[in-house]
Amino acid sequence: MKITTENIRVNFQAKEILKGISIETRDKELVGIIGPNGSGKSTLLKCIYRVLKADSGAVYLDGEELYAMNAKSSAKKMAVVAQHNYYNFDFSAREVVLMGRAPHKKTLERDNADDYRIVEEALKTVQMDKFADRSFSTLSGGEQQRVILARALAQQTPALILDEPTNHLDITHQIMLMKLVKNLDVTVISAIHDLNIAAAYCDRIYVLKDGVLEGEGTPGEVLTPELIRRIYKVESEVVYDSQGKMHILFL
Ligand SMILES: Nc1ncnc2c1ncn2[C@@H]1O[C@H](COP(=O)(O)OP(=O)(O)OP(=O)(O)O)[C@@H](O)[C@H]1O
């Protein structure tokens, strides 16, 4: 699925947070959004996953304007792993993942054997099947993050929107998550802080700073010492290992 944003503008309290952002993913591409704290990454993603309506501009899913479709239709097209997940009720991990099946159900339709099978598979995929009956609120930050990823997998959408998905995860689970989403064969847009993670897994990267796009291209094109200095005010060196993988060293 192709996701396009066209000239997205967002203001909060008379301050312009996004100043006309146009991005485009190709089908099944993993696109990273990088940029310093407060640059507008989450705000852009919120406009895409429909919790925030931009002041102007538009989002298109495969050419169809987001608000021309109902919320259920867009939830069949994209699943979200956001930064903060709170539930007011004490759901188990399995119940949280089952929520991913909701867009596929008619009103009051009960969960069936297929739904439960999909949920169990999703929990296994993120290595959280042993925690299925645990109360979500008692899980650690990283465990919660993996359950939320399982919920997104259970939603079985052609696109995933991830807001700093490796936040809270140890290195094993960071790599697990990025490998997993890379191999899903769906379109992914992800805000990413770790530039080495972005370099290793993104097909393309957009760079945001102060609500403006400052760069776009493959990791090799974008993640140069010049850009890193300009955007983050940090000196760095880009090296390639024996397998040709790029690594950014911060000096
Ligand atoms: N509801 C809001 N009201 C006022 N200001 C907001 C609101 N939401 C976000 N902002 C401001 O908009 C700017 C962009 O925030 P956003 O969360 O999009 O940045 P980010 O790039 O995702 O940052 P981080 O890397 O820290 O997660 C920040 O200065 C933030 O304080």
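Analysis parameters
- Residues numbered from 1 in each chain as written.
- Predicted model: local features only at pLDDT ≥ 70, side-chain atom pairs only at ≥ 80, totals over all residues.
- Heavy atoms only, no water.
- Near = heavy atom within 4 Å.
- Polar contact = N/O pair within 3.5 Å; in protein donor to acceptor, adjacent residues only side chain to side chain.
- Areas by Shrake-Rupley, 256 points an atom, 1.4 Å probe, with all protein chains shown as cover.
- Nonpolar A, V, L, I, M, F, W, Y, C, P; charged D, E, K, R; others polar.
- Axes fitted to C-alpha atoms, helices over the stretch in contact; angles between N-to-C directions.
- Helix = DSSP H or I, 4+ residues; strand = E, 2+ residues; numbered from the N terminus.
- Parallel < 35°, antiparallel > 145°, perpendicular 65-115°, else oblique.
- Left-handed = near helix turned anticlockwise from the far one by under 90°.
- Contact = heavy atoms within 4.5 Å.
- UniProt positions renumbered as here; feature names shortened; annotations may be inferred.
- Pairing = 2+ DSSP bridges.

Caption draft 1: View of the site of the ligand. Around the ligand, the structure places 14 residues, and the nearest of them are G38, K41, S42, T43 and H193. Between the ligand and N37, the relevant distance is 3.0 Å, taken from an oxygen atom to a side-chain nitrogen or oxygen of the residue. Contact between the ligand and S39: an oxygen atom at 3.1 Å from a main-chain N or O atom of the residue. Contact with the protein chains covers 63% of the free accessible surface of the ligand, which is 640 Å². Residue composition of the shell around the ligand, by class: three nonpolar, nine polar and two charged.

Caption draft 2: Spotlight on the packing of helix 4 (residues 113-125) against helix 5 (residues 141-154). With their axes 8 Å apart at the nearest point, helix 4 and helix 5 run at an angle of 135° to one another. Between helix 4 and helix 5, the interaxial angle falls into the category oblique. As helix 4 runs across helix 5, the sense of the crossing is right-handed. Where helix 4 abuts helix 5, its residues I118, A122, L123 and T125 lie against A150, L153 and A154. Of the residues contributing to the contact of helix 4 with helix 5, the split by class is six nonpolar, one polar and no charged.

Caption draft 3: Quick look at the UniProt feature "domain: ABC transporter" (unreviewed entry) in the chain. Residues given the UniProt feature "domain: ABC transporter" (unreviewed entry) here are residues 3-235. This span, residues 3-235, is 34% helix and 25% strand, and a straight line between its end C-alpha atoms measures 33 Å.

Caption draft 4: A look at the sheet that holds strand 7 (residues 159-163). Strand order in the open sheet formed by six strands is 6-7-8-3-9-10, with mixed pairing between adjacent strands. The open sheet has two free edges, formed respectively by strand 6 (78-81) and strand 10 (212-217), since each of these has just one partner strand. Within this sheet the neighbouring strands show an average axis-to-axis angle of 15°, counted without direction. Lying over the sheet, helix 1 (residues 41-48) contacts strand 3 (30-34), strand 6, strand 7, strand 8 (187-191) and strand 9 (204-209), oriented at roughly 150° with respect to strand 7. In this fold helix 9 (residues 225-232) packs onto strand 3, strand 9 and strand 10, with an angle of close to 30° to the strand it touches most, strand 9.

Caption draft 5: Examining the sheet that holds strand 2 (residues 15-24) more closely. Here we have four strands laid out as an open sheet, ordered 2-1-4-5, and antiparallel in their pairing. A single partner strand is all that each edge strand has here, and the edge strands are strand 2 and strand 5 (64-65). Bridge analysis of strand 1 (residues 3-12) against strand 2 gives seven bridges, and the strand direction is antiparallel. Each residue of the ladder has a partner; that of T4, found in strand 2, is E24.

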